[in-house]
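Chain by chain, the residues:
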Amino acid sequence: MLLKAVCSPVLYCCDLRRLAMGVRGLQGFVARVCPDACQTVDLREMAEKHRADHPDCPPVIVVDAMSCVRRWYTPESWVCGGQWREYLAILQDFINAFMAAGIKLVFYFDGVVEEKKRDEWIKRRMKNTEEITRLFQFIKTHRKQPGREMFVLPSALPTFTRYALKSLGQKTVCTLQEADFEVAAYGLQHNCIGILGQDSDYLIYNTCPYFSIENLRLDRLVTVMYSREVLCRVLGISLTHLPLFACLLGNDIVPESMLEGFWHKCLTTSPHRNRSYNRRANILLSVANYISKIPCSYSSLKHLEEIIPLGSDKTLLCRGVNSYLLPGQQSPWIPPDVTNCQMLSLQQQSAFCQDKEIFQLAKEQHIQSENFTIFNILSHGTVECSNSLEDDCDTEIPGQALIYRPARQHIYSILLESGKGGTYPLVKEWCVYFGNPLKQPDLIQPVQPSVTGGTPNLKTLWLAKGPDVEKQRYSTFLACFHLQDEMEELQALEAPVAGFCCLLAYLMVQVNSLSLEDLNAFLALILCLKGKSAAQLTGLQLAEVDPRAVHLGAVLIRSLTTLLMANSACGFPFRMDDLMPWAVFDGKLFQEKYQKSHRGCSVEELLEGNESLYTPFQNLKSLICKVCMAKKRTILSRPRGNRFNTGREQRHFNPRFQQPHRSHFVSPYHNQMRGSTQRQLQSQGRGSGHPHSRRYHLPPQ
């Protein structure tokens, strides 16, 4: 039964991890103490009733997407970097179920990390780091993915979910402030039939009904609706009391640490204490009892501010109550002339961007989920990068945030055009990587990319038209990854392959520990992925999971977000859809290619016997090696074998894997490169010594 699912303590614990912050313990309290507030509803019936009552207004559900991504990601494999085509199909099925009932969905994503939540964001990042450390310990010990109880979202899943839904034709909104406020406001203003999510704050806002994503049965469109009215009846308060109730329990604005003394007073005087409830449940009941007995007035709130030790800011309660008021709403707890601070994000420019036209365009693209991170940089000069599935014990691979920092510095330079003194403002980076305690942001200096004729300004990159501008966009994009000299070769490739090669060339130069085996695995992945359906990839089975391949998969996925940032900054030389993970990556397929490559499998086996892929494989490899040669980068052959497969005979290293079929090799490059590269390819298999130390010699330019 759905109501039993709501009361599950395991589910309750899981919900708390997923809340935007909300009121701690309120969701579980409703499930355990107020079961009548958890009402099973049929969304089809609600949609039909809405159509009957509002024939000119189709039924809409506004979705708090950040509450849902964990529920949406149901592919069996999650540790290898993501099963992106399978995930895309799952999202399509989700949309189709609502479309069949005539229900429109509007998806909201958090677009910022508000500074008032920075400490909480840091705590969660540190906790995630511990979880990821345990995850890698499990993989190294058991050579497999752990159970769902250790589930960690694939790297950058919320980011790419946003673009996935947009690519599937859905209205997708990226917020300018905390998403729960904008979701609640949209639901109220557009007469939505409900909000779908899992955040206790939706019990506090006076908005449309609140539906549970955790209890949604997609096949029947049945879920649980949490009733504010029933909750208030159990608590003995009214809807008007809920914002103050939330503040007196501790929320985003009023810290719990300031309320302990007040709670103790409420507990000692409340007649509603129940020994069968935990302390938190009794606090909720006693606080509700307290406020039910005081007048609903501003003077009552001022009295509370005097008796509660709020520190130097005595307006915390007023601001807290105000934060729950949606546009057009008022509260007896605060004066009517107090402006709702939540709506003060309508700035037209910032210290980082003085051009109103550019700033407005960046803002519009941000809201419509068309660009990535650009508005955050132009408005506040801040960038966040959360956890990835990186093995902190692997000292050979730098943190992905550090790998891509040089590229980001070029992107910052493009966006933050220098002033008259030729100086740029510093960008604050809150990035998770090994050794970073996140006590304060890293202050990053923008670095101008090497663009022939100088870096074009944003008006040119974003607003100008014509073939010359298109060329400028592409060359500026490549300059972010130090690949401007390869423009002709990259433009000749299909867009997803070109974007992938930009990342791969950049990675091979930046990370010295990456080997020929890694390069071959990545190239086999991008070439073999093209012809595979979601169903085929779902059916792919792995005998074991390699932890280093998990790490590299996460590094690659995060690199795609850097591509999106560069593409947005440079005026979209690529379609954003061409840079998405479902176009270039599959976690299980990469694991398979990586393990085969490091066991010394032949190119034919890596390419699944598809002869038509052989020449593209060699051409792409030649391109990557050309870039490395120009950067004086020597790529080592370091086959790691089948280290974890100790129960089976290890396959011998196959030199033929390192030596291409020269009779079939076709280089697309200039004559001098053709000769030089061909000589290197011919000589790579003739070195002496153990294959683990074999080098792919690349002479300096």
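Residues numbered from 1 in each chain as written. Predicted model: local features only at pLDDT ≥ 70, side-chain atom pairs only at ≥ 80, totals over all residues. Heavy atoms only, no water.

Things to note about unusual backbone geometry
Selection rule: Where helices and strands are cited, they refer to DSSP runs of H or I of at least four residues and of E of at least two residues respectively, numbered from the N terminus. Only protein chains enter the accessibility calculation, which uses a 1.4 Å probe. A residue is then buried if its area is under 20% of the maximum for its type, exposed if over 50%, and partly exposed in between.
For S369, which is not glycine, the phi torsion reads 55° and is therefore positive. You can see S369 is positioned in the loop between helix 16 (356–367) and helix 17 (374–380). Accessibility expressed as a relative area gives 1% for S369, which makes it buried. Backbone geometry places L438, a non-glycine residue, at a positive phi of 60°. For L438, the location among the structural elements is in the loop between strand 9 (427–431) and strand 10 (442–444). The buried category is assigned to L438, whose relative accessible area is 3%.

Considerations on helix 24 (residues 516–529)
What sets the pattern is the α-helix's 3.6 residues per turn: residues three or four places apart point alike. Quick note on the threshold: Multiply 1.5 Å by the residue count of a helix minus one, and that product is the helix's expected span.
Taking 1.5 Å per residue as the helical rise, helix 24 with its 14 residues ought to reach 20 Å, and the 20 Å between its terminal C-alpha atoms agrees with that figure. Of all 14 residues in helix 24, 14 are buried; the element is thus mostly enclosed.

Considerations on the sheet that holds strand 7 (residues 222–226)
Two orientations exist for strands paired in a sheet by backbone hydrogen bonds: parallel and antiparallel. Here is the rule we go by: Pairing between strands requires that DSSP locate at least two bridges from one strand to the other. A fitted line through C-alpha atoms represents every axis, and for helices the fit uses only the stretch in contact; the resulting angles, taken between N-to-C directions, go from 0 to 180 degrees. Pairs of residues are marked as contacts when any of their non-hydrogen atoms sit within 4.5 Å.
With mixed pairing, the 7 strands of this open sheet are ordered in space as 1-7-6-5-2-3-4. Because the sheet does not close on itself, it has two edges, and the strands there are strand 1 (38–42) and strand 4 (171–174). Each neighbouring strand pair of the sheet contributes to a mean axis angle of 30°, computed without reference to strand direction. Along the sheet face, helix 8 (residues 157–167) touches strand 3 (104–109) and strand 4 and points at about 150° away from the line of strand 3.

Notes on helix 16
Heads up, the condition is: Whenever a nitrogen or oxygen atom comes within 3.5 Å of another N or O atom, the pair is scored as a polar contact, on the condition that within protein one atom can donate a hydrogen and the other can accept it, and that pairs from neighbouring residues in sequence are kept only if both atoms are in side chains.
Across its 12 residues, helix 16 extends 16 Å between first and last C-alpha, which sits within 8% of the 16 Å expected from 1.5 Å per residue. Within helix 16, the full set of buried residues consists of I358, F359, L361, A362, K363, Q365 and H366. Buried residues along helix 16 sit in contact with strand 4, helix 17 and helix 20 (458–463). At the N-terminal end of helix 16, a side-chain oxygen is found 3.0 Å from the backbone nitrogen of E357, two or three residues along, and the residue is D355. Trailing helix 16 by a residue or two, S369 shows a phi angle of about 55°, which is positive.

Considering the state of the cysteines
For the record, the criterion: In what follows, a disulfide is any cysteine sulfur pair within 2.5 Å.
Applying the stated criterion to the full structure yields 0 disulfides. Cysteine C502 shares no disulfide, and the gap to the nearest cysteine sulfur, in C501, comes to 7.5 Å. Under the relative-accessibility criterion, C502 is labelled buried at 0%.

Here's the deal with the packing of aromatic side chains
Short version of the rule: Pairs were defined over the aromatic rings of Phe, Tyr and Trp, the Trp ring being its six-membered one, requiring ring centres within 6.5 Å. Orientation was assigned from the angle between planes: stacked under 30 degrees, edge-to-face over 60, tilted for the rest.
Inspection of the entire model under this criterion finds 24 aromatic pairs. A ring pair is formed by Y73 and F151, whose centres lie 6.2 Å apart and whose planes are at 25°; its orientation type is stacked. Taken together, the residues span a long stretch of sequence, with Y73 in the loop between helix 5 (69–72) and helix 6 (84–100) and F151 in the loop between helix 7 (118–142) and helix 8 at a distance of 78 residues. As far as burial versus exposure is concerned, Y73 and F151 are alike and both buried. Between the aromatic rings of Y404 and Y506, the centroid separation amounts to 6.0 Å while the plane-to-plane angle is 15°, which identifies the pairing as stacked. One end of the pair, Y404, is in the loop between helix 18 (400–403) and helix 19 (405–415); the other, Y506, is in helix 23 (residues 495–510), with 102 residues separating them in the sequence. For Y404, a relative accessible area of 1% translates into the label buried. Three or more aromatic residues joined by ring pairs form one cluster here, namely Y73, W78, W84, Y87, F151 and F160.

Re the sheet that holds strand 9
Read across the open sheet, the 3 strands follow the order 8-9-10; overall the sheet is mixed. Of all strands in the sheet, those bounded by a partner on one side alone are strand 8 (382–385) and strand 10. Going from strand to strand, the sheet's axes swing by 30° on average, the running direction of each strand aside. As paired elements, strand 9 and strand 10 share 3 bridges and run antiparallel to each other. Bridged to V427 within strand 10 is I444. Most of the contacts of helix 7 go to strand 8, to which it runs at about 30°, and overall it touches strand 8 and strand 9.

In short, the description is geometric, and any link to function would need to be established separately.
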